[in-house]
Amino acid sequence: ALGGSNMTNVPDAPEYFDIHIPRRAGISVGGASWNFTLARDRLDLGAEELGALTVSRELDRVDFALLSFFSAALGWRTLVMQLESLPVTVDDGTTVYETSIQRHLYLHRLDWRPVPGVSVGMTEGVMVAQPLELRYLNPLASFHALSAWKYYGDKDSSVGSLLGLDLAWTPIRGARAWGQLAL
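Conventions adopted
Residues numbered from 1 in each chain as written. Predicted model: local features only at pLDDT ≥ 70, side-chain atom pairs only at ≥ 80, totals over all residues. Heavy atoms only, no water. Helix = DSSP H or I, 4+ residues; strand = E, 2+ residues; numbered from the N terminus. Buried < 20%, exposed > 50% of the residue type's maximum accessible area, 1.4 Å probe, protein only. Contact = heavy atoms within 4.5 Å. Areas by Shrake-Rupley, 256 points an atom, 1.4 Å probe, with all protein chains shown as cover. Pairing = 2+ DSSP bridges. Axes fitted to C-alpha atoms, helices over the stretch in contact; angles between N-to-C directions. Salt bridge = Lys/Arg side-chain N within 4 Å of Asp/Glu carboxyl O. Core = buried A, V, L, I, M, F, W, Y, C linked by side-chain atoms within 4.5 Å. Polar contact = N/O pair within 3.5 Å; in protein donor to acceptor, adjacent residues only side chain to side chain.

1. Here's the deal with the overall build of the chain
A count of helices and strands for the chain gives 1 helix and 8 strands. In the chain, the succession of α and β elements from N to C terminus is β-β-β-β-β-β-α-β-β. Taken across its 183 residues, the chain has 28% of its residues classed as buried. Of the contacts made within the chain by residues no fewer than 6 positions apart, 46% connect residues no fewer than 24 positions apart. Accessible area for the chain stands at about 12100 Å²; split by element, carbon and sulfur atoms hold 60% of it.

Written out as structure tokens, the structure reads:
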């Protein structure tokens with residue numbers, strides 16, 4: 001409800017405007033076997049019906065860039081997701097000030113359909129509380145091999161890693177079994 005004597009559906013004060021718009025926006029280009037998306041939207045990686053353990057559509061909105069290559073039996077996706085910044089207090093010895101640390105989630109996902117009705121997926125990811133870095137943008141690099149924890153340390157939890165495996169099986173039309181493991 002609007003405050004005061006406003007009897008219309010038009011916001012009449014700054015506090016009645018929603019600053020969290022747009023909820024969904026994006027641009028996507030692609031071809032027969034590839035796609036690139038730059039968007040703010042819900043995102044789901046995996047074949048799970050109730051949401052993936054790695055990246056689920058349950059998040060209201062996320063800002064991301066997603067590059068996909070695919071065929072009938074094989075798919076490869078690489079994702080960069082910008083997360084909310086972390087507020088921190090810095091004491092440099094002379095002054096104390098507030099700032100924030102950027103966080104990015106980098107993911108690769110491989111999907112494979114060895115036979116009709118069976119799907120196997122693997123997701124590898126790393127979350128780094130640092131500005132966007134080029135070394136994580138290589139879609140074929142193994143994040144584990146980059147040893148991010150050696151560069152940033154783990155005392156302030158600035159690095160997190162993720163490995164997800166999933167399997168889906170459709171024995172007959174209308175019946176589906178699936179499972180997932182996230183480490």
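2. Observations concerning the sheet that holds strand β3 (residues 62–70)
Reading across the sheet, the 8 strands line up as β1-β2-β3-β4-β5-β6-β7-β8 and stay open at both edges, with antiparallel pairing between neighbours. Because the sheet does not close on itself, it has two edges, and the strands there are β1 (25–30) and β8 (177–182). Taking the axes of each pair of neighbouring strands and ignoring which way they run, one obtains an average angle of 15° across the sheet. Pairing of strand β7 (residues 159–169) with β8, which is carried by 6 bridges, proceeds in the antiparallel orientation. For tryptophan 169, the partnering residue across the bridge sits in β8 and is alanine 177.

3. Notes on the pattern of salt bridges
Taken as a whole and judged by the stated rule, the model has 6 salt bridges. Of the charged contacts in the structure, one is a salt bridge between aspartate 111 and arginine 109, with a shortest N-O distance of 2.8 Å.

4. Examining the nonpolar core
If you look at the biggest cluster of nonpolar residues, it comprises 10 residues: Ala39, Leu43, Val62, Phe64, Leu66, Leu79, Met81, Leu105, Leu107 and Met127. Of all elements in the fold, only β3, β4 (74–91) and β5 (96–112) reach the threshold of two or more residues within this core. With 3 residues, β3 is the single largest residue contributor to this core. Contact partners of valine 62, with chain neighbours within four places excluded, come to Ala39, Arg40, Asp41, Leu43 and Met81. Residues Val80, Tyr106, Val126 and Tyr136 belong to the second largest nonpolar core, which totals 6 residues.

5. Digging into the pairing of β1
By the bridge criterion, 6 bridges tie β1 to strand β2 (residues 34–41) in an arrangement that is antiparallel. Along β2, the bridge assignment pairs glycine 30 with asparagine 35.

6. Observations regarding the environment of valine 96
By the secondary structure assignment, valine 96 is in strand β5. On the basis of relative accessible area, valine 96 is assigned to the exposed category, the value being 58%.

7. Considerations on the side chain of threonine 123
On the secondary structure map, threonine 123 appears in strand β6 (residues 118–128). Among the residues examined, threonine 123 registers a relative accessible area of 0% and is labelled buried. In this structure the side chain of threonine 123 is engaged in a polar contact, spanning 2.8 Å, whose partner is the side chain of arginine 109.

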